[in-house]
Amino acid sequence: MDELIEKADGNIYYGRLLESVHITGYTAERACKSLEYLLEDDRWKRVGEGFEDIDVFQESINLKQFKIAVERY
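Residues numbered from 1 in each chain as written. Predicted model: local features only at pLDDT ≥ 70, side-chain atom pairs only at ≥ 80, totals over all residues. Heavy atoms only, no water.

Concerning the overall build of the protein
Part 1: Secondary structure assignment for the protein yields 3 helices and 0 strands.
Part 2: Secondary structure elements of the protein, listed N to C terminal, follow the sequence α-α-α.
Part 3: Taken across its 73 residues, the protein has 5% of its residues classed as buried.
Part 4: By element, 55% of the accessible surface of the protein is carried by carbon and sulfur atoms, the whole surface being about 7,000 Å². (Helix = DSSP H or I, 4+ residues; strand = E, 2+ residues; numbered from the N terminus. Buried < 20%, exposed > 50% of the residue type's maximum accessible area, 1.4 Å probe, protein only. Areas by Shrake-Rupley, 256 points an atom, 1.4 Å probe, with all protein chains shown as cover.)

Next comes the structure, spelled out in structure tokens:
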């Protein structure tokens, strides 16, 4: 009985993982398309208060959360 419960719990977590990865894929795709648009023709220089340094612009986006997720696992 314990094995059945453990297997069911594992399947629930596996399903949640698949769902999360699927949803995250849409979010990541949207973020990448927006970033790509802003990088084209230096549009990033004209957003917010205006940026002159690409590194400062990049830091304002806070991409660190993606790096942490990749390095963590």
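Further notes follow.
Points about unusual backbone geometry
Part 1: Located in the positive-phi region is aspartate 41, a residue other than glycine, with phi close to 55°.
Part 2: Here aspartate 41 shows up in the loop between helix H1 (2–39) and helix H2 (54–61).
Part 3: Classification of aspartate 41 by relative accessible area gives exposed; the value is 60%.
Part 4: Here the phi dihedral of aspartate 42 falls at roughly 55°; this positive angle occurs in a residue that is not glycine.
Part 5: In this fold, aspartate 42 is placed in the loop between H1 and H2.
Part 6: Classification of aspartate 42 as partly exposed rests on a relative accessible area of 36%.

Remarks on the packing of aromatic side chains
Part 1: Counted according to the given criterion, the structure contains 2 aromatic pairs.
Part 2: With 5.7 Å between their ring centres and 35° between their planes, tryptophan 44 and phenylalanine 57 make a pair best called tilted. Taken as a pair, tryptophan 44 in the loop between H1 and H2 and phenylalanine 57 in helix H2 lie far apart in primary sequence, 13 residues in all. Considered together, tryptophan 44 and phenylalanine 57 belong to a single accessibility category, that of buried residues.
Part 3: Judged by centre distance (5.5 Å) and plane angle (75°), the ring pair of phenylalanine 51 and phenylalanine 57 falls under edge-to-face. One exposure class covers both phenylalanine 51 and phenylalanine 57, and it is buried.
Part 4: The rings of Trp44, Phe51 and Phe57 are connected pair by pair, giving a single aromatic cluster.
Part 5: Its guanidinium or amino end placed over the ring of tyrosine 13, arginine 16 lies 5.1 Å from that ring's centre, counting from NZ or CZ.
Part 6: Stacked on the ring of tyrosine 37, the Lys or Arg arginine 43 has its end atom at 3.9 Å from the ring centre. (Phe/Tyr/Trp six-rings, centres within 6.5 Å; stacked < 30°, edge-to-face > 60°. Lys NZ or Arg CZ within 6 Å of the ring centre and 35° of its normal.)

Regarding a negative patch on the surface
Part 1: A cluster of like negative charges, contributed by Asp2, Glu3, Glu6 and Asp9, occupies part of the molecular surface.
Part 2: Within the secondary structure, aspartate 2 is located in helix H1.
Part 3: With relative accessibility at 63%, the residue aspartate 2 sits in the exposed group. (Patch = residues over 30% accessible without salt bridge, like charges linked within 9 Å, V, L, I, M, F, W, Y side chains within 5 Å. Salt bridge = Lys/Arg side-chain N within 4 Å of Asp/Glu carboxyl O. Lys, Arg positive; Asp, Glu negative; His and termini not counted. Charge placed at Lys NZ, Arg CZ, Asp CG, Glu CD.)

Geometric descriptors of this kind do not, in isolation, establish any biological role.
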